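Chain and residue survey
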Amino acid sequence: MKILVVSGFLGAGKTTFIRALTEATGQDFAVYENELGGSGIDAEALRRDELSVWESTENCICCTGSSDFANAVLTISNAIDPEFLVVEPSGAAKLGALLETIGRVCYEHIALLRPVTLVDCRAYASQRAAAPELWADQIRSAGTLVCTKGENLLPAELTALTALLRELNPTAEILTEPYSSAPAEWWHSLLTTPAEKLRQAQSSAEPENIEQLTLTPAELPSPAHLVSLLDDIVRGEYGLIMRAKGIVRCGGQCCRFDVVQQTWSVTGAESGADTSAVFIGQSLRRSALRRRILRQTEATRHDLRRRLTSGSKQGSRRQVK
């Protein structure tokens, strides 16, 4: 599965560009759209083109929702296995952080294409003034920069914008002409040019294989035991765990836990919820995780059986008396 990220500040025309990409290449894409607080209008527009669309509207996939996004990419690859996955982040997403997240799940079956950033010729100055770091990140992290809505731009204005883009990103391809007039070869190049630099950095820094381990049922003697486990996870005691989540029965209550990179959180869960713990990462210490959770589970069950057996014997003695 090849991943093409189509980024751009708010209102740059990402959804329209994706629809044009579909028409120009004749390819069927799976699309992952991150529209924070949105109404799903853009997703419905893509569905009308008979594309398979996944929506994420609660968290930004470059930061708070990065682990959910990484898990979704793996799920789409394993369950659907499309040839191309087009990712449309929200206009407020940091492209650099998003590419790092994708880099962590790239392996022999998942590859990242050269990312595209759309630049609104009419609004770039105000966007840059309002969020200079975010705007610059989207420019610097792109492999292809596409200028949109520049039909009425004066030649001097277009020259100034191009110079600014080249200063921020000396190596990117810059398309200043309307993409509607771009040749078919250019459109197809978007689907064949890999993000070489990011892939090389990924392969040299971390192992390629992504593993997942699910343990069920998940039980620990107390919430304190869960906190101790999560502390050990973020310290790397069980391998490089990128994401862990689940519901664990801790004594007389259920706790929902979530680990994202080096942070974790614990909240309450319904007492009757099914319990399980999921760990995703590289070089997982699978046996150690099983011993940590399943050993506690067996101990809990043994204690319960002992108490039930003891109660049954006492009841029998009471009946004899």
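Below, the structure is looked at part by part. Owing to the predicted nature of the structure, the values given are computational and were not obtained by experimental measurement. Starting afresh in each chain, residues are numbered from 1 along the sequence in its written order. Local features in this predicted model are restricted to residues whose pLDDT is 70 or higher, and side-chain atom pairs enter the listing and the counts only when it is 80 or higher, whereas totals over whole chains, interfaces and linings include all residues. Excluded from the side-chain calculation are hydrogens and water; included are all heavy atoms of the structure.

The secondary structure listing takes helices from DSSP runs of H or I that are at least 4 residues long and strands from runs of E that are at least 2 residues long, numbered from the N terminus. In terms of helices and strands, the protein chain carries 11 helices and 14 strands. Remark: exposure states derive from per-residue accessible area (1.4 Å probe, protein chains only) relative to the maximum for the residue type, with buried under 20%, exposed over 50%, and partly exposed in between. Residues classed as buried in the protein chain amount to 47% of the 321 residues present. Throughout, a residue-residue contact means that at least one pair of heavy atoms, one from each residue, lies within 4.5 Å. The contacts of the protein chain with a sequence gap of at least 6 include a subset with a gap of at least 24, amounting to 77%. Here the protein chain has roughly 16000 Å² of accessible surface; of this, 50% comes from carbon and sulfur atoms. Each accessible area is a Shrake-Rupley result for a 1.4 Å probe, and residues are judged covered by the shown protein chains and nothing else.

It is worth spelling out the pattern of salt bridges at this point. Take a side-chain nitrogen of Lys or Arg and a carboxyl oxygen of Asp or Glu: if they are within 4 Å of each other, that pair is a salt bridge. Tallied over the entire structure, the rule returns four salt bridges. The partner of Asp120 in a salt bridge is Lys149, and the shortest N-O contact between them spans 3.5 Å. Remark: Lys149 occurs in the loop between β7 (144-148) and α7 (155-168) and Asp120 occurs in strand β6 (residues 116-120); sequence separation between them is 29 residues. We classify Asp120 as buried; its relative accessible area is 6%.

Bringing the nonpolar core into the picture now. Grouped together as the largest cluster of nonpolar side chains are 42 residues, with contacts concentrated most on Ile3, Val5, Leu85, Trp135 and Leu165. Ranked by the residues each element gives to this core, the list is headed by helix α3 (residues 66-79), at six residues. When neighbours within four sequence positions are excluded, Ile3 is seen to be in contact with Val73, Leu85, Val87, Ile102, Ile110, Ala111, Leu112 and Leu113. Nonpolar cores were defined as sets of buried Ala, Val, Leu, Ile, Met, Phe, Trp, Tyr and Cys residues, with membership established by side-chain atoms within 4.5 Å.

A separate point is a nonpolar patch on the surface. Here a patch means residues that are over 30% exposed by relative accessible area and free of salt bridges, tied together within 9 Å if like-charged and within 5 Å if nonpolar (Val, Leu, Ile, Met, Phe, Trp, Tyr). Taken together, the side chains of Val227, Trp264 and Val266 present a nonpolar region at the surface, about 200 Å² in accessible area. Its place among the elements puts Trp264 in strand β13 (residues 263-269). Trp264 gets classed as partly exposed once you look at its relative accessible area, which sits at 32%.

Next up on the list: the packing of α3 against helix α4 (residues 95-105). Axis definition: a line fitted to C-alpha atoms, limited for helices to the stretch in contact. Angles are taken between N-to-C directions and run from 0 to 180 degrees. Running from N to C, α3 and α4 point in directions that differ by 40 degrees, and their axes come no closer than 10 Å. Between α3 and α4, the angle falls in the class oblique. α4 is crossed by α3, and the crossing has right-handed handedness. Seen from α3, the contacting residues are Ser66, Phe69, Ala70, Val73 and Leu74; seen from α4, they are Leu98, Thr101, Ile102 and Val105. Its residues placed into classes, the contact of α3 with α4 shows seven nonpolar, two polar and no charged. In what follows, roughly perpendicular refers to angles from 65 to 115 degrees, roughly parallel to angles under 35, roughly antiparallel to angles over 145, and oblique to any angle outside these ranges. By definition, turning the near helix anticlockwise from the far helix through less than a right angle yields a left-handed crossing, and turning it clockwise yields a right-handed one. Classification used: nonpolar for Ala, Val, Leu, Ile, Met, Phe, Trp, Tyr, Cys and Pro, charged for Asp, Glu, Lys and Arg, polar for all others including Gly.

Here we come to the packing of helix α6 (residues 132-140) against α7. Orientation of α6 relative to α7, taken along the N-to-C sense of each, is 80 degrees, at an axis distance of 9 Å. By the angle between their axes, α6 is roughly perpendicular relative to α7. Within the contact between the two elements, α6 uses Trp135, Ile139 and Arg140 and α7 uses Leu164, Leu165 and Leu168. A class-by-class count of the residues in the contact of α6 with α7 yields five nonpolar, no polar and one charged.

It is worth spelling out the side chain of Ser7 at this point. One can find Ser7 in strand β1 (residues 2-8). If we skip the residues at most four places from it in the chain, Ser7 touches Lys14, Pro89, Leu95, Val116, Thr117, Leu118 and Gln138.

Right, let's talk about unusual backbone geometry for a bit. In this structure, Pro217 follows Thr216 across a cis peptide bond, with omega equal to -5 degrees. Mapping Pro217 onto the fold places it in the loop between β9 (211-215) and β10 (219-220). One non-glycine residue with positive phi stands out, namely Asp81, at about 50 degrees. With respect to the helices and strands, the residue Asp81 is situated in the loop between α3 and β4 (84-88). Of note in this structure, Lys149 is not a glycine but carries a positive phi near 60 degrees.

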